[in-house]
Number of protein chains: 2
Amino acid sequence: MDFEILKKHKSFDGETWFCEHSSNSTKTQMKFSAFVPSDIKDIDSSIIWLSGLTCNEENFITKAGVQKYLAGTNTLIICPDTSPRGLNLDGEDDSYDFGSGASFYVNATKGDYSKNYQMYDYIINDLIQLLKNDLGIDNVSIMGHSMGGHGALVLGIRNPGLFKSISAFSPIVNPINSPWGIKAFKGYLGENVEEWKKYDAYELVKDGNLVRNTILIDQGLNDEFLQTQLKTSLFEEICREMGQNLKLNMREGYDHSYYFISTFIEEHISFHINSLKKS
Amino acid sequence: MDFEILKKHKSFDGETWFCEHSSNSTKTQMKFSAFVPSDIKDIDSSIIWLSGLTCNEENFITKAGVQKYLAGTNTLIICPDTSPRGLNLDGEDDSYDFGSGASFYVNATKGDYSKNYQMYDYIINDLIQLLKNDLGIDNVSIMGHSMGGHGALVLGIRNPGLFKSISAFSPIVNPINSPWGIKAFKGYLGENVEEWKKYDAYELVKDGNLVRNTILIDQGLNDEFLQTQLKTSLFEEICREMGQNLKLNMREGYDHSYYFISTFIEEHISFHINSLKKS
């Protein structure tokens with residue numbers, strides 16, 4: 001197989017893996033974790049999880065409690081790191097919301113970042129090929145949290161044939177109007193806002209890019225970033241206007257943390273497994 | 001209430017708390033986390049969780065997935081830090097297995113450590129009083145992992161009237177014969193091995209200290225520390241010899257990590273809730 005398993009831990013009746021492989025898109029080694037709930041030969045489908053700012057391949061697989069809900073199925077979950085690492089680019093490690101741990105899942109076009117920060121292609125090409133070629137898995141769904149929720153929506157909406165279903169926790173739905181998104185897109189893509197719109201879920205739906213299956217979103221109402229960065233209601237409005245099916249659960253009292261994710265991850269896993277089984 | 005809630009996160013239908021209070025035993029501020037699954041006024045029982053080497057109050061409550069299994073009950077779980085912090089004692093932060101994060105839940109009698117490293121008393125007095133006086137909870141069980149499994153066994157066996165049930169993951173059952181235990185006990189208690197035996201589960205049972213209820217232990221067979229540090233089979237032998245009821249699950253393929261704990265935590269929670277209900 002074209003990846004290396006660095007560590008594995010028996011979990012429920014399966015295994016939690018920490019892996020590394022070489023990426024053609026980022027031209028670096030990239031890490032990912034996975035939970036493989038049964039014999040790898042029996043696995044027939046996968047969910048891709050995209051994490052948020054500051055995270056790496058470890059946060060979700062240790063904190064969300066997802067193993068419990070995949071146990072007994074033939075669906076694995078794969079959780080890539082959130083950016084290339086260790087490139088020593090100018091400004092790469094200066095702030096939590098740009099550079100390392102903060103790729104925003106775009107293909108950078110600006111300056112030094114354009115060479116390696118090709119995370120859109122990394123997910124769509126390298127990770128999907130690893131699933132297909134190395135593991136024989138064609139059936140894939142995508143989900144994520146915050147910056148990774150943005151990633152799941154953008155990658156999912158732009159590749160409707162590739163992903164059977166899309167869900168997100170606390171996604172940044174309109175990054176071109178969010179301080180996090182504006183900073184990142186300026187740094188990775190330059191000043192042309194038209195280029196930014198390719199990576200904006202609100203703008204993609206507004207432009208008529210719809211997916212057949214219902215999109216599932218959970219959003220905590222006590223999330224400190226809801227009003228300033230996430231702006232979930234904008235996505236609800238544009239989906240209604242354009243006829244995109246959306247199930248949006250606004251959850252009273254929940255915040256932006258993994259305590260929120262772990263509460264509702266079971267529903268998201270069921271949602272994806274149902275879609276993956278239909279294919 | 002005599003403690004401060006520093007942060008709380010809605011989790012399932014309850015709340016995950018991060019708290020701080022002043023300890024008479026350690027003469028420091030001590031931190032703990034808790035999951036309170038329902039209105040605090042309805043809570044009638046508690047499980048104390050003791051963590052292992054290098055951990056603080058956060059590891060278990062973020063990684064074990066325990067909230068899922070306490071949701072809907074009136075039993076909270078409370079998870080204290082594993083040592084006093086920030087005392088600047090000689091050698092306190094030099095190694096992972098002594099000082100900060102490595103109290104071994106003893107009352108230190110040696111040198112500078114004797115003033116604050118009174119973690120046995122901290123659990124038995126301060127934490128129990130917080131449960132009783134501040135929260136009105138009399139019904140308490142105890143469990144832990146590795147060094148915290150050792151702590152749960154020792155505190156539980158020495159205080160049979162205080163704890164309704166005892167369980168452990170991967171405990172150090174005979175620390176006076178384990179490199180970790182020998183280093184810690186020398187540092188905290190001095191050279192007199194007779195003093196060490198007060199904090200050794202094997203020795204306590206051998207000396208006739210039995211508890212009425214069955215003790216539950218889960219141990220991974222792929223645990224890298226099993227042969228050198230944990231020596232679970234010694235405890236099995238002495239329990240059989242002395243007539244202490246023990247349910248020991250040796251788990252094929254599992255290691256020492258939270259991936260192991262999260263797999264079997266549901267069974268341990270059920271075990272404790274059953275005991276707490278009977279009281």
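Refer to the preceding data block for the structure.
Residues numbered from 1 in each chain as written. Chains lettered and ligands numbered in written order. Predicted model: local features only at pLDDT ≥ 70, side-chain atom pairs only at ≥ 80, totals over all residues. Heavy atoms only, no water.

What chain A contains, in helices and strands, is eleven helices and nine strands. By its C-alpha atoms, chain A is 45 × 40 × 35 Å across when sized along the principal axes. By residue count, 62% of the 279 residues in chain A fall in the buried class. Look at the contacts in chain A between residues 6 or more apart in sequence, and 71% of them connect residues 24 or more apart. The centroid of the 26 positive side-chain charges in chain A is displaced by 3 Å from the centroid of its 37 negative side-chain charges. (Helix = DSSP H or I, 4+ residues; strand = E, 2+ residues; numbered from the N terminus. Buried < 20%, exposed > 50% of the residue type's maximum accessible area, 1.4 Å probe, protein only. Contact = heavy atoms within 4.5 Å. Lys, Arg positive; Asp, Glu negative; His and termini not counted. Charge placed at Lys NZ, Arg CZ, Asp CG, Glu CD.)

Turning our eyes to something else, we now look at the pairing of strand β6 (residues 139-145) of chain A. Residue and element names in this part refer to chain A. Of all seven residues making up β6, seven are buried, and the element is well covered by its neighbours. Note that strand β4 (residues 45-50) and β6 share six bridges and pair parallel. Bridging from a neighbouring strand, Trp49 pairs with Met143 of β6. Taken together, the four bridges between β6 and strand β7 (residues 166-169) define a ladder with parallel strand orientation. Within β7, the position partnered with Gly144 by the bridge is Ala168. In the classification by handedness, the crossover that spans β6, the intervening helix α5 (residues 147-158) and the parallel β7 is right-handed. (Pairing = 2+ DSSP bridges. Right-handed = clockwise from strand over helix to strand, strands pointing away.)

Moving on: the nonpolar core. Side chains that are nonpolar tend, in soluble globular proteins, to be buried together. Grouped together as the largest cluster of nonpolar side chains are 68 residues, with contacts concentrated most on Ile48, Leu153, Ile157, Tyr188 and Phe235 of chain B. Per-element accounting of this core gives the leading share, ten residues, to helix α4 (residues 119-135) of chain B. Those residues in contact with Ile48 of chain B, other than ones at most four positions away along the chain, are Ile78, Pro80, Ile123, Leu127, Ile128, Leu131, Val140, Ser141, Ile142, Met143 and Phe163 of chain B. With 67 residues, the next largest nonpolar core counts Ala102, Tyr117, Phe163 and Leu248 of chain A among its residues. (Core = buried A, V, L, I, M, F, W, Y, C linked by side-chain atoms within 4.5 Å.)

Turning our attention to the interface of chain B and chain A. Tallying the contact residues gives 24 residues for chain B and 24 residues for chain A. Each partner contributes to the roughly 1900 Å² buried at the junction of chain B and chain A, and carbon and sulfur atoms together form 50% of this total. When the buried area of chain B at its contact with chain A is split by residue, Lys10, Phe12 and Tyr259 of chain B rank highest and sum to 37% of it. The interface formed by chain B and chain A holds two salt bridges in total. When the shortest N-O distance is used, the salt bridge between Glu266 of chain A and Lys68 of chain B registers 3.1 Å. (Buried area = accessible area lost by both parts, 1.4 Å probe. Salt bridge = Lys/Arg side-chain N within 4 Å of Asp/Glu carboxyl O.)

The subject of this paragraph is the environment of Ser45 of chain A. Residue and element names in this part refer to chain A. Assignment of secondary structure puts Ser45 in strand β4. Expressed as a C-alpha distance, the spacing of Ser45 and Thr73, which sit 28 residues apart in the sequence, is 9.5 Å. At 3.0 Å, the side chain of Ser45 and the side chain of Asp44 are in polar contact. (Polar contact = N/O pair within 3.5 Å; in protein donor to acceptor, adjacent residues only side chain to side chain.)

All names here are of chain A. On the surface, Asp90, Asp93, Asp94 and Asp112 cluster together into a negatively charged patch. Relative to the helices and strands, Asp93 is located in the loop between β5 (75-80) and α3 (113-116). Overall, Asp93 belongs to the exposed group, its relative accessible area being 57%. (Patch = residues over 30% accessible without salt bridge, like charges linked within 9 Å, V, L, I, M, F, W, Y side chains within 5 Å. Areas by Shrake-Rupley, 256 points an atom, 1.4 Å probe, with all protein chains shown as cover.)

Let us now look at the packing of aromatic side chains. A complete count under the given rule lists 38 aromatic pairs over all chains for this structure. Consider the rings of Phe260 of chain A and Phe264 of chain A, whose centres lie 5.7 Å apart with planes at 65 degrees: the pair is edge-to-face. Separated by four residues within a single helix, Phe260 of chain A and Phe264 of chain A lie in helix α11 (residues 258-278), roughly one turn from each other. The exposure class of Phe260 of chain A is buried, given its relative accessible area of 0%. Judged by relative accessible area, which is 7%, Phe264 of chain A ranks as buried. Summarising the aromatic geometry, the rings of Phe185 of chain B and Tyr199 of chain B are spaced 6.4 Å apart at their centres and angled 55 degrees between planes, so their arrangement reads as tilted. Residue Phe185 of chain B is found in helix α6 (residues 179-189), and its partner Tyr199 of chain B is found in the loop between α7 (193-196) and α8 (201-206); the two are separated by 14 residues along the sequence. (Phe/Tyr/Trp six-rings, centres within 6.5 Å; stacked < 30°, edge-to-face > 60°.)

Turning our attention to the relation of the copies chain B and chain A. The two copies are related by a screw motion: chain B maps onto chain A through a turn of 180 degrees and a shift of 0.0 Å along the axis, at an RMSD of 0.0 Å. What we have between these two chains is a two-fold relation. Taken together, the interface assignments show that 100% of the residues at the interface of chain B recur at the interface of chain A, consistent with an identical surface on both copies. (Least-squares fit on C-alpha atoms with pLDDT ≥ 70 in both.)

Below, the discussion takes up the sheet that holds strand β9 (residues 246-251) of chain A. Residue and element names in this part refer to chain A. Read from one edge of the open sheet, nine strands run β1-β2-β3-β5-β4-β6-β7-β8-β9, paired in mixed fashion. The two strands at the open ends of the sheet, each matched to only one other strand, are β1 (4-11) and β9. Pairs of neighbouring strands in the sheet enclose a mean axial angle of 15 degrees, with direction left out of account. On top of the sheet, α5 reaches β4, β6, β7 and β8 (215-220); it is set at about 145 degrees to β6, its chief contact. (Axes fitted to C-alpha atoms, helices over the stretch in contact; angles between N-to-C directions.)

This part takes up the pairing of β7 of chain A. Residue and element names in this part refer to chain A. Neither face of β7 is open: one carries Ile166 and Ala168, the other Ser167 and Phe169, and all of them are buried. Bridge count between β7 and β8: three bridges; the pairing is parallel. Paired with Phe169 across the strands is Asp218, a residue of β8.

So, on to the environment of Glu224 of chain A. When you line up the elements, Glu224 of chain A lands in the loop between β8 and α9 (226-230). Considered as a pair, Glu224 of chain A and His256 of chain A are 32 residues apart in the sequence and their alpha carbons are 7.0 Å apart.

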